[in-house]
Amino acid sequence: MDFSLENWAHVRGFDFENLTELAILKVLRDIGISKFLRNPSCDRNGTSYLPEMNGWKKDCPITTTLPNLNPGMTCVLLSSCTTVDCCLDVDIINHSFNVKLQLDPCNENLKVSIEDFAIAISLYDFEWGVKQNLYMKNVVRIDYSLYDLESDGSYLVNMNVSICFESSKPCLIDQIIFNKTKLTKKPCKWQSGFKNSKWSHRSCGFCLVVRDKPRNLTKHQFVTFDEVSLACLFINRTNDA
């Protein structure tokens, strides 16, 4: 979507550098993002984002190397160690945007969101190492790529957030969140049940514990326990009830 906030304000007689509340409501509606915005917006001065250092609050107990963030943005690396929650102040429209990337290695899913604009993806179908994005009308942008380092028990993550009100000019805000950052997968609570609720040992002829998943074995099903996999060879039989 081609858009210029400066031109939009000029045509309607608003002061581009000092938009009124009415002008902000109009421009957010015209862009088409007002329906996704939270009210109230996230608060960098609230307990969710404080205390912070260099823009980061670390609830993850595992040491993780993180880049310094620019003023006006605070991110939290949550206790799961694979979820980041950020709050970004955009003064020109008097709103703070919440952006989030959540990797769940136990349930094998990914959720990426900008305010209430979100996508959820199964990691079974995910294209690892391929650049992905989530754009809210091309104004608020998340660009990211993920790598599953199975042998290392972590994800390698690249993530960038930008705010762009001028299609033909540099973005107002352009911030690297992760740059080849390793996010450690914490152990899963397997006692809560199998990842595949339909799986049962009764459907197995016999089981083998394997370190590496064999390829091209259509008669096998794998249930992953961190670095160890349980391989079950199915046989055609009727279960005795």
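The preceding data block contains the structure.
In short, a report on the structure. Note on numbering: residues in each chain are counted from 1, in written sequence order. Given that the model is predicted, a residue must reach a pLDDT of at least 70 before its local features are reported, and side-chain atom pairs must reach 80 or more before they are shown or counted; all residues, however, enter totals for whole chains, interfaces and linings. Side-chain measures were taken over the full set of non-hydrogen atoms in the model, leaving aside hydrogen atoms and water.

**As for the overall build of the chain**
We count it as follows: Helical segments are the DSSP runs of H or I of at least four residues, strand segments are the runs of E of at least two, and each set is numbered from the N terminus. The buried label applies to any residue whose accessible area, calculated with a 1.4 Å probe on protein chains only, is under 20% of its type's maximum; exposed applies above 50%, and partly exposed to all values in between. By the convention used here, residues are in contact when the closest approach between their heavy atoms is within 4.5 Å. Residue-level accessible areas treat just the shown protein chains as cover; the underlying method is Shrake-Rupley with a 1.4 Å probe.
What the chain contains, in helices and strands, is two helices and 13 strands. Looking at the chain as a whole, 41% of its 241 residues qualify as buried. Within the chain, contacts between residues separated by at least 24 positions form 43% of all contacts whose residues are at least 6 apart in sequence. About 14,500 Å² of surface is accessible on the chain, with carbon and sulfur atoms providing 48% of the total.

**As for the environment of Cys42**
Mapped onto the fold, Cys42 is located in the loop between helix H2 (21-31) and strand S1 (56-58). Spatially, the C-alpha atoms of Cys42 and Val99 are 9.7 Å apart, while their sequence positions differ by 57 residues. The residues contacting Cys42, other than those within four sequence positions of it, are Tyr49, Cys87, Leu88, Ser96, Phe97 and Asn98.

**Section: the sheet that holds strand S3 (residues 83-90)**
For the record, the criterion: Strands pair, by our definition, only if DSSP identifies at least two bridges between them. To get an axis, a line is fitted to the C-alpha atoms, and for a helix only the part in contact is used. The angle between two axes follows their N-to-C directions and goes from 0 to 180 degrees.
With respect to topology, six strands assemble into an open sheet ordered S1-S2-S3-S4-S5-S6, the strand pairing being mixed. If you trace the sheet from one side to the other, it starts and ends with S1 and strand S6 (117-122), each paired once. Direction aside, the axes of adjacent strands within the sheet are offset by 10° on average. Summarising the sheet, strand S5 (residues 109-114) and S6 pair through six bridges and their orientation is antiparallel. Each residue of the ladder has a partner; that of Lys111, found in S6, is Ala120.

**Examining the pattern of salt bridges**
As a reminder, the rule being used: For this analysis, a salt bridge means a side-chain nitrogen from Lys or Arg found within 4 Å of a carboxyl oxygen belonging to Asp or Glu.
Applying the stated criterion to the full structure yields six salt bridges. Put simply, Arg44 and Asp89 hold a salt bridge, and the shortest N to O gap is 2.8 Å. One end of the pair, Arg44, is in the loop between H2 and S1; the other, Asp89, is in strand S3, with 45 residues separating them in the sequence. A salt bridge links Lys185 to Asp148, with the shortest nitrogen-to-oxygen separation between them at 2.5 Å. Taken together, the residues Lys185 in the loop between strand S10 (173-184) and strand S11 (206-210) and Asp148 in strand S8 (residues 140-149) connect sequence positions 37 residues apart.

**Some remarks on the nonpolar core**
A general trend in soluble globular proteins is that nonpolar side chains are found buried together. Let me state the cut-off plainly: By nonpolar core is meant a set of buried Ala, Val, Leu, Ile, Met, Phe, Trp, Tyr and Cys residues that side-chain atoms within 4.5 Å join together.
Membership of the largest hydrophobic core comes to 52 residues, with the highest contact counts inside it found for Trp56, Val84, Leu110, Tyr144, Met159, Ile177 and Phe178. Dropping the residues within four chain positions of it, Leu110 is found in contact with Leu101, Gln102, Leu103, Ile119, Ala120, Ile121, Leu123, Phe126, Tyr144 and Leu146.

**A short note on helix H1 (residues 5-12)**
Heads up, the rule is: The reported arc concerns the directions from the helix axis to the C-beta atoms and nothing else.
When we look at burial in H1, the residues that qualify are Leu5, Trp8 and Ala9. Looking straight down H1, one finds its buried side chains confined to an arc of 95°; they lie on one side. Projecting away from the buried face of H1 at angles above 90 degrees are the exposed residues His10 and Val11. Buried positions along H1 lie against H2. Looking at the residues trailing H1, positive phi occurs at Gly13, about 80°.

**Thoughts on the sheet that holds S8**
Across the sheet, which stays open at both edges, the four strands sit in the order S7-S8-S9-S10 with antiparallel pairing between neighbours. Looking at strand neighbours, the two that pair on one side only are strand S7 (132-136) and S10, the edges of this open sheet. Strand after strand, the sheet turns through a mean of 15° between neighbouring axes, direction not considered. Where S8 and strand S9 (residues 154-163) come together, ten bridges link them in antiparallel fashion. Residue pairing across strands places Asp148 opposite Tyr155, the latter belonging to S9.

**A short note on the pairing of strand S4 (residues 95-104)**
Summarising burial for S4: eight of the ten residues are buried, a large majority. Here S3 runs beside S4; their pairing, made up of eight bridges, is antiparallel. Within S4, the position partnered with Val84 by the bridge is Leu101. Hairpin connection from S3 to S4: four residues lie between these consecutive antiparallel strands, with Asn94 at a positive phi of about 55°. Note: S4 against S5, six bridges, orientation antiparallel. Following the sheet pairing, Asp104 is matched in S5 by Asn109. Counting the residues between successive antiparallel strands, the hairpin from S4 to S5 contains four residues, one of them, Glu108, with a positive phi of roughly 55°.

**Re the state of the cysteines**
What counts here: When two cysteine sulfur atoms lie within 2.5 Å, the pair is treated as a disulfide.
Applying the stated criterion across every chain, the model contains five disulfides. Linked covalently through their sulfurs, Cys60 and Cys81 form a disulfide whose S-S length is 2.0 Å. Sign of the S-S torsion, about 95° for the bond between Cys60 and Cys81, identifies this disulfide as right-handed. Note that Cys60 is positioned in the loop between S1 and strand S2 (73-77) and Cys81 in the loop between S2 and S3, a separation of 21 residues in sequence. Taking relative accessible area as the criterion, Cys81 reaches 1% and is therefore assigned buried. The connectivity of the disulfide bonds within the chain can be written as 1-6, 2-4, 3-5, 7-10, 8-9, using the sequence rank of each bonded cysteine.

That's the geometry; what it means functionally is another story.
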